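Chain and residue survey
Single-letter residue listing:
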Protein chains: 2
Amino acid sequence: MAEPIRFYFDFSSPYGYFAAEGIEDLAARHGREVAWMPVMLGVIFPKLGIRPLVEVPVKGEYSRRDMNRTARFLGLPFTLPEVFPTRSVMACRAFLWLNRERADLAKRFARGILRAYFAEGRLIDAPETIAGVAVAIGVDPAELAEAIQAPEIKQALFAASEDALAQGVFGSPYFIVDGEPFWGTDRMAQMEQWLAEGGF
Amino acid sequence: MAEPIRFYFDFSSPYGYFAAEGIEDLAARHGREVAWMPVMLGVIFPKLGIRPLVEVPVKGEYSRRDMNRTARFLGLPFTLPEVFPTRSVMACRAFLWLNRERADLAKRFARGILRAYFAEGRLIDAPETIAGVAVAIGVDPAELAEAIQAPEIKQALFAASEDALAQGVFGSPYFIVDGEPFWGTDRMAQMEQWLAEGGF
């Protein structure tokens, strides 16, 4: 059985949201599983000297236009949130906890959070949003709220950030297929050809 | 008659080279002309606080891999030059002079310079490379070498840089279609849909 596609994404990244909506279908077309791996670019960027895209003059203005247009191009509902980017530490911890229980549940949670933020304009830094998404997928929100305070979950998030840095992750989405890295929603076509042909 | 597609590119940009190989066919499919407009990102980047991609840690290493892979994906000959990026002031001036005479000649010159640099590994900062490309398209290299020293050509290049800054150009390739900007080879699919549908 081939290795899963490693799918790194930030809950606060529009392009991560776009990728999350398509990656499972893409992988399934090539008989692959997907390992979802949330990262916090707010931790990674300063270490690499990268400024968040929307803060760069001129390029930032273009990027806002590009996010909206790319959503229309892909046929996905999207509104850039008023508070953007935002903290995703709670969503990351919740994901990691769920992922220990059931990976498919964690993926549904991740998609729910991304849609809440980018399609519905809800604050994903707010406990009530986390709770709402949990309820929607059949998870007890009180149990989740308590679980994400556990030291081992905090430790797991720290380890995940270290792993992402070690793997060279510097953006969202960032994929690794059999050792080959692909950065950006716009490289998913190359990734699909790579999967189909075993490299090119 | 619809306006030409504005195609901004840097002679020292691999993605500008990739775009140059495809833009005329793309435009022709939609009955459009293309106005080729060389820019020097070395002038623009410092004003916007943007670092050249290959100089950013980790991201730079990825970008070198991406350039090579994207060339294979597009089926284009490519070797990242040993001296990269490089000065393109002479190529820009030569283009601008030729463009005053005959736009199609200037485009052939631009493609020749980009291929010399990215497919053949020749130094485009060298007078003999400029001369060689000139000869290949039937232009007297001595006449060209003299013409690009003219004050009005230097002034034209300055004006072109000012125009690019005013238009918000911050990368290569950068296209403007009826006021809508598209950055990157990887946005040419969106641009094509935009041309086909008059926006989306």
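Each remark here, short or long, concerns the structure printed above.
Here is what the cut-offs are and how they apply
Residues numbered from 1 in each chain as written. Chains lettered and ligands numbered in written order. Predicted model: local features only at pLDDT ≥ 70, side-chain atom pairs only at ≥ 80, totals over all residues. Heavy atoms only, no water. Helix = DSSP H or I, 4+ residues; strand = E, 2+ residues; numbered from the N terminus. Rg over C-alpha atoms; globule rule 2.2 N^0.38 Å. Buried < 20%, exposed > 50% of the residue type's maximum accessible area, 1.4 Å probe, protein only. Contact = heavy atoms within 4.5 Å. Areas by Shrake-Rupley, 256 points an atom, 1.4 Å probe, with all protein chains shown as cover. Pairing = 2+ DSSP bridges. Axes fitted to C-alpha atoms, helices over the stretch in contact; angles between N-to-C directions. Buried area = accessible area lost by both parts, 1.4 Å probe. Polar contact = N/O pair within 3.5 Å; in protein donor to acceptor, adjacent residues only side chain to side chain. Nonpolar A, V, L, I, M, F, W, Y, C, P; charged D, E, K, R; others polar. Right-handed = clockwise from strand over helix to strand, strands pointing away.

A separate point is the overall build of chain A. Scanning chain A from terminus to terminus reveals nine helices and four strands. Tracing chain A from N to C terminus, the helices and strands come up as β-α-β-α-α-α-α-α-α-α-β-β-α. Computed over the C-alpha atoms, the radius of gyration of chain A is 16 Å, within 12% of the 16 Å expected from 2.2 N^0.38 for a compact globule of 200 residues. Per-residue burial over chain A gives 53% buried out of 200 residues. Across chain A, contacts joining residues at least 24 apart in sequence account for 71% of those joining residues at least 6 apart. Of the accessible surface of chain A, which amounts to about 8,800 Å², a share of 52% is contributed by carbon and sulfur atoms.

Time to look at the sheet that holds strand S1 (residues 5-9) of chain A. Residues and elements named next belong to chain A. Pairing is mixed across the open sheet formed by four strands, whose spatial order is S2-S1-S3-S4. For this open sheet the edge positions go to strand S2 (34-38) and strand S4 (180-183), each flanked by a neighbour on one side alone. Shown here is a sheet whose adjacent strand axes are inclined to one another by a mean of 20°, direction ignored. Relative to strand S3 (residues 174-177), S1 runs antiparallel, the two being bridged by three bridges. Residue Phe-7 lies in a different strand from S3, and its bridge partner there is Phe-175. In the packing of helix H5 (residues 103-118) onto the sheet, the strands contacted are S1 and S2, and the crossing angle to S2 comes to about 50°.

As a further point, take the side chain of Thr-129 of chain A. All names here are of chain A. With respect to the secondary-structure elements, Thr-129 resides in helix H6 (residues 127-136). Assessed through its relative accessible area of 5%, Thr-129 is described here as buried. The residues touching Thr-129, leaving out its near neighbours within four places in the chain, are Ala-116, Arg-122, Leu-123 and Ile-124.

Turning our attention to the interface of chain A and chain B. Interface size, as often reported, equals the accessible area lost upon joining of the parts. Chain A puts 30 residues into the contact, and the matching count from chain B is 30 residues. Regarding the contact of chain A and chain B, the summed buried area is about 2,900 Å², with carbon and sulfur atoms giving 57% of it. Per-residue buried area on chain A facing chain B is highest for Tyr-62, Arg-69 and Phe-73 of chain A; these three make up 22% of the total on that side. At the junction of chain A and chain B, the tally comes to 20 residue pairs in polar contact (both at pLDDT 80 or more). Of the residues forming the side of chain A that touches chain B, the biggest block, eight residues, is contributed by helix H3 (residues 59-74) of chain A. Class assignment for the residues of the side of chain A that touches chain B results in 16 nonpolar, five polar and nine charged.

Let's shift gears to the pairing of strand S1 (residues 5-9) of chain B. Extensive coverage of S1 of chain B is indicated by the burial of four of its five residues. With helix H1 (residues 14-29) of chain B bridging S1 of chain B and its parallel neighbour strand S2 (residues 34-38) of chain B, the resulting β-α-β unit is right-handed.

Function cannot be inferred from these measures alone, as they are strictly geometric.
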